[in-house]
Amino acid sequence: MTSPAFGSALKLNLSNIVMDILACASLSLLELAVLQPAGEFNGLAAFRRFLVVLVAQYAVLKFYRVVLYPNFFSPLRHLPGPKDHNLLLGQELRKLRADGPASMQLEWMRRWPDAAFIRYVSFAGREVLLANSLDAHRAVVQTHAYDFVKPPLFARLVGEITGTGLLFAEGATHRRERRLLAGPLSVPGVRKLAPVFRAKAAALSDVFARTLAGKPRATIEVLDTFSRSTMDTIGVTVLGVELDELSAAHPLGFRELYGRLLHQGRTGQLLSVVNAFVPIRRLAAPLAANRRFLRATRDLRAMLRDVVERRAAELAAGRFGGGKAESRDLLTYMLEEAQTRRRETGADIWSVDDIIGHLLNFTSAGHESTATTLSWSVYVLATHPAMQDRLRVEIRGLLAAHPEPDHDAIAALPFLHNFVREVLRVYPPSYMAQREAVRDLVLDGVHVPRGTQVDLCIPLAHQHPGVWGSGAAAFDPDRWDALAAAAASPFAFEAFLQGPRACPGRALALALVKAVLVTLVPRWCFVGLRRRRRPGQTEEEEEDDDDNDDAPVKLANPSLTLGPADGLHVRFERV
């Protein structure tokens with residue numbers, strides 16, 4: 001499903017190149033017509049002269065766009081920001097070489113802390129504004145939320161994996177879709193999922209038990225472990241089926257297919273980046289990495305199509321449900337909503353492809369970001385023993401009174417709530433949101449021309465010293481008990497964004513993270529970090545390697561999420 005606003009932005013970007021070529025071609029024809037001597041015409045020679053003049057004029061136009069305009073004529077050139085950009089790559093090479101995907105942006109924020117927007121140059125002279133004040137964030141995500149769209153480049157890069165759905169809907173389409181999907185993602189809807197979360201968290205604890213296997217201490221890679229667990233949980237809450245059951249009828253399971261989309265390898269990642277600029281998927285068919293990606297995409301969508309069509313038939317025949325709370329999953333809700341609207345209006349609000357797009361949205365966004373948040377939670381616990389003990393005491397007090405706590409009982413734990421918010425503040429899993437203006441705007445006193453890209457780099461709001469104080473980068477859950485005026489603003493905490501385009505799965509993600517911590521922390525003690533096992537090193541040798549303790553964690557860069565580059569290996573033991 002493509003909204004009118006998104007379609008207009010995509011047309012704007014694609015048509016810029018076409019319009020430039022057409023303008024140069026028209027001018028070239030005019031010049032040749034004026035300069036061509038009367039009575040002399042040679043078709044082939046004239047065509048050659050036309051091509052030479054066209055190429056020359058297009059080169060001059062690009063020189064103006066890439067070199068002259070951003071440096072000498074742009075109305076944004078006076079804004080603060082780095083000036084030492086590469087002619088063709090802008091600041092992108094520096095960003096790729098940085099320690100983390102947001103390191104350069106944080107450096108610029110600390111250099112120009114009072115600027116509403118920081119301006120930098122990206123590929124081929126393209127100017128980008130980096131929102132650097134809370135007022136700038138508010139203007140983009142709230143006041144002018146529908147005057148911006150997701151950049152088409154980002155949509156082509158990410159949409160192959162996540163589907164279109166709500167993530168890329170714009171304008172009136174987005175408002176309608178969000179209203180239709182609000183029910184199962186609301187707090188009342190999430191309350192019903194507490195038994196599912198408890199069961200999946202208990203299964204995850206069993207994974208830790210099997211890894212320990214009688215040893216006093218063991219190491220587990222938590223990012224992959226949590227990713228598998230949250231995928232299983234999202235499978236039940238989004239699709240209404242256990243993934244093992246879903247995968248049994250297909251040669252490759254759901255997890256394997258989705259893993260092939262998310263983890264493509266270097267060649268696959270390069271193809272995805274190039275395809276965002278130039279659609280080369282069909283041309284690159286001979287490449288094994290491309291075939292693997294296309295096959296996984298086709299099989300995954302076919303699997304989801306089977307689930308959708310089978311569930312629709314079961315609902316029509318009255319055979320699905322059985323009174324289970326967990327049966328009110330997102331897919332069932334959407335199909336029931338579609339049936340209701342069809343009876344009322346006689347029209348379909350979603351096609352099967354639309355539903356598949358929404359399912360891919362919530363599956364990809366839900367499981368990956370939640371797994372990353374859990375991984376950073378365990379990282380903090382392993383490196384802050386006193387904080388871990390404090391959290392364990394609070395959770396044990398809850399379990400003593402409520403052995404199977406419901407959603408509201410867990411939500412009422414004050415330190416757990418502060419701890420999770422602080423994890424999301426310091427380590428926001430989705431660290432970047434990009435927008436593109438569809439009309440001329442004035443934001444926080446800055447004129448933003450139509451077509452300008454604005455980056456919302458979440459760590460800038462989360463670690464700004466003018467908002468959170470001089471200790472903004474430090475991990476301190478207690479800061480949430482006495483927030484300063486600026487930090488109390490909703491736009492100071494953007495882990496789920498704010499405004500009408502805020503993440504609709506916020507309540508579900510918070511409830512799932514807390515449910516897992518309530519299950520794991522009383523049973524397991526996280527005692528340190530380890531590096532990835534060296535080639536040829538056995539598990540026993542790894543555990544005895546004292547030089548491997550408390551290994552520093554390097555952030556993945558580039559990455560769509562703020563995650564560790566080589567996984568996160570955590571040592572643990574029974575409490």
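All right, on to the confidence of the model for the chain then. Taken as a whole, the chain shows an average pLDDT of 84; of its residues, 82% reach a score of 70 or greater. Here helix α1 (residues 4–35) stands out as the least confident element of the chain, with mean pLDDT 57; helix α20 (residues 414–426) is the most confident, with 98. Contacts of residues 1–15 to residues separated by more than four positions or lying in other chains number 30 contacts, the stretch itself having pLDDT below 50. In the model, residues 322–327 has pLDDT below 50 throughout and makes six contacts with residues more than four positions away in sequence or in other chains.

Moving on, we come to the sheet that holds strand β3 (residues 148–149). Strand pairing within a sheet occurs via backbone hydrogen bonds; the two strands may be parallel or antiparallel. Strand order in the open sheet formed by five strands is β1-β2-β8-β5-β3, and the pairing between neighbours is mixed. Of all strands in the sheet, those bounded by a partner on one side alone are β1 (117–121) and β3. Bridge analysis of β3 against strand β5 (residues 432–437) gives two bridges, and the strand direction is antiparallel. Of the residues in β5, the one forming a bridge with Val149 is Glu436.

Here we come to the pairing of β1. Most of β1 is tucked away: five of the five residues are buried. On β1, burial covers both faces: Phe117, Arg119 and Val121 on one face and Ile118 and Tyr120 on the other are all buried. Pairing of β1 with strand β2 (residues 127–131) involves five bridges; the strand directions are antiparallel. For Tyr120, the partnering residue across the bridge sits in β2 and is Val128. The turn linking β1 back onto β2 is made up of five residues, and Ala124 within it adopts a positive phi angle of 55 degrees.

Procedures and definitions
Every chain's residues receive numbers from 1 upward, in the order its sequence appears when written. With pLDDT at 70 or above as the cut-off, local features in this predicted model cover only qualifying residues; side-chain atom pairs require 80 or more to be listed or tallied, and sums for whole chains, interfaces and linings still use all residues. Note that water and hydrogens are dropped before the side-chain values are worked out from all heavy atoms of the structure. Each residue carries a pLDDT value, the predictor's own confidence for that position, ranging from 0 to 100. Only DSSP runs of H or I covering at least 4 residues are called helices, and only runs of E covering at least 2 are called strands; the numbering of each starts at the N terminus. The criterion used for residue contact is that any of the two residues' heavy atoms lie within 4.5 Å. Any two strands are treated as partners once DSSP identifies two or more bridges connecting them. In this scheme, a residue with accessible area under 20% of its type's maximum is buried, one over 50% is exposed, and one in between is partly exposed, where area comes from a 1.4 Å probe on protein chains only.

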